[in-house]
Amino acid sequence: MLVAATLLAVTAALGQPSPIVSRYVDNERWSMPDCLARAKWALETEGYSIRWTAGDIHRADKAPYTALILCDPTPEGLMRVNVIIAATGGNLEAENNRLWTRLRNPGTSGTGGGCSPFEGVWTTNYTPITFRRTGNTITGSYEYQGASSLRGTLTGGVLEGEYSQPSYPDPLYQRGRFRFELNSDGQSFTGTWWNANGTSSGGWNGRCQTP
């Protein structure tokens, strides 16, 4: 029902009779904030103007196309991603393929630039972190009193885990916990760190630097 209603919305948005529709659906291991951030970046990088965002949907226009990207969680913990394009002309299949390429490779080429959540290099109030993602597992490397690292699990827009700073002079700060929450822009996070025994903590905030 959701897809059918969305298709009607796309065709109605064109205001022209009998548009052609291209729809491609696939399941991805993305969180909702990740999916929405990828969708926004993909559309803007391909030259679309986003007209509205409603919950799990972005709708955007680029003559002669109208596009919607829907992020729909599945009971299996995956994200069912719908890319729907309607137009009365143009190459809809090629356009759909371009959007999927952007969705799956966020931050690569183009002028729209942006980080996929907790991937790439992010500046922080301490030192830059290089994040790498495999599924919902995030690892990071940074220099703070020497080579340091972190590892955590991404749930929704929240990354929680542990950091390791083996060269730090105080043993209580050589290991500890952290919690990063992705902000609504998808390109920054607000976080907190705790030392090994939880007696000290502080803010640890960051923003996308390089995809």
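Residues numbered from 1 in each chain as written. Predicted model: local features only at pLDDT ≥ 70, side-chain atom pairs only at ≥ 80, totals over all residues. Heavy atoms only, no water.

Trainee: Please explain the overall build of the protein as it appears in this structure.
Mentor: In terms of regular secondary structure, the protein is built from three helices and 14 strands. Split into buried and exposed, the 211 residues of the protein put 44% on the buried side. Put simply, of all contacts in the protein between residues at least 6 apart along the chain, 44% involve residues at least 24 apart. Carbon and sulfur atoms form 49% of the exposed surface of the protein, whose accessible area is close to 10,200 Å². (Helix = DSSP H or I, 4+ residues; strand = E, 2+ residues; numbered from the N terminus. Buried < 20%, exposed > 50% of the residue type's maximum accessible area, 1.4 Å probe, protein only. Contact = heavy atoms within 4.5 Å. Areas by Shrake-Rupley, 256 points an atom, 1.4 Å probe, with all protein chains shown as cover.)

Trainee: Just to check I follow, could you spell out the pattern of salt bridges for this structure?
Mentor: Close approach of charged atoms allows side chains with opposite charge to pair. Evaluation of the coordinates by the stated rule reveals 16 salt bridges. Across the pair R38 and E119 runs a salt bridge whose closest N-O atoms are separated by 3.4 Å. In this pair, R38 sits in helix α2 (residues 32–45) while E119 sits in the loop between α3 (92–104) and β6 (120–124), placing the two residues 81 residues apart along the sequence. Looking at R38, the relative accessible area reads 6%, which means it is buried. The partner of R179 in a salt bridge is E160, and the shortest N-O contact between them spans 3.7 Å. Here R179 is found in strand β11 (residues 175–182), whereas its partner E160 is found in strand β10 (residues 158–164), with 19 residues between them in sequence. A relative accessible area of 45% places E160 in the partly exposed class. Through salt bridges with shared partners, a single network forms among E46, K62, E95, R98 and R102. (Salt bridge = Lys/Arg side-chain N within 4 Å of Asp/Glu carboxyl O.)

Trainee: For this particular structure, what's the right way to read the state of the cysteines?
Mentor: Joining two cysteines, a disulfide is a covalent bond between their sulfur atoms. Within the structure shown, the criterion is met by one disulfide. Residue C35 pairs covalently with C71 via a disulfide, S to S 2.1 Å. Across the disulfide from C35 to C71, rotation about the S-S bond amounts to roughly -80 degrees, and the bridge is consequently left-handed. Here C35, found in helix α2, pairs with C71, found in strand β4 (residues 65–73); they are 36 residues apart in sequence, far enough to count as distant. (Disulfide = S-S within 2.5 Å.)

Trainee: Quick question: what am I supposed to make of the packing of aromatic side chains here?
Mentor: Working definition: an aromatic ring pair is given by the centre-to-centre distance plus the angle between the planes. Applying the stated criterion across every chain yields a total of 19 aromatic pairs. Arranged with centres 6.4 Å apart and planes meeting at 20 degrees, the rings of F118 and F180 form a pair that is stacked. You can see F118 sitting in the loop between α3 and β6 and its partner F180 sitting in strand β11, a full 62 residues away along the chain. What makes F180 buried here is its relative accessible area of 0%. For the pair F131 and F189, a centre-to-centre distance of 6.3 Å together with 80 degrees between the ring planes defines the contact as edge-to-face. Of the two residues, F131 is situated in strand β7 (residues 129–134) and F189 in strand β12 (residues 188–195); the sequence distance between them amounts to 58 residues. Accessibility classification places F131 together with F189 in one group, the buried group. The ring of W194 is capped by R177, whose NZ or CZ atom sits 4.8 Å from the centre of that ring. (Phe/Tyr/Trp six-rings, centres within 6.5 Å; stacked < 30°, edge-to-face > 60°. Lys NZ or Arg CZ within 6 Å of the ring centre and 35° of its normal.)

Trainee: What is the right way to look at α2 in this model?
Mentor: For α2, with 14 residues, the first-to-last C-alpha span of 20 Å sits near the 20 Å given by 1.5 Å per residue. For α2, a buried count of 10 out of 14 residues is recorded, marking the element as mostly surrounded by other parts of the structure. The inward-facing, buried residues of α2 abut β2 (49–54), β3 (57–62), β4, β5 (79–87), α3 and β7. Within two residues after α2, G47 carries a phi angle of roughly 90 degrees, on the positive side. (Expected span 1.5 Å × (residues − 1).)

Trainee: Sorry, what's going on with α3 here?
Mentor: Count 3.6 residues to each turn of an α-helix, and residues three or four apart come out pointing the same way. Its 13 residues give α3 an end-to-end C-alpha distance of 18 Å, which sits within 8% of 18 Å, the value for a rise of 1.5 Å per residue. Of all the positions in α3, only L92, E95, N96, L99, W100, R102 and L103 are classed as buried. Each buried residue of α3 sits inside an arc of 160 degrees when the element is viewed along its axis, so together they form one side. Capping of α3 at its N-terminal end is provided by N91; its side-chain oxygen lies 3.4 Å from the backbone amide nitrogen of E93. (Arc of directions from axis to C-beta. Polar contact = N/O pair within 3.5 Å; in protein donor to acceptor, adjacent residues only side chain to side chain.)

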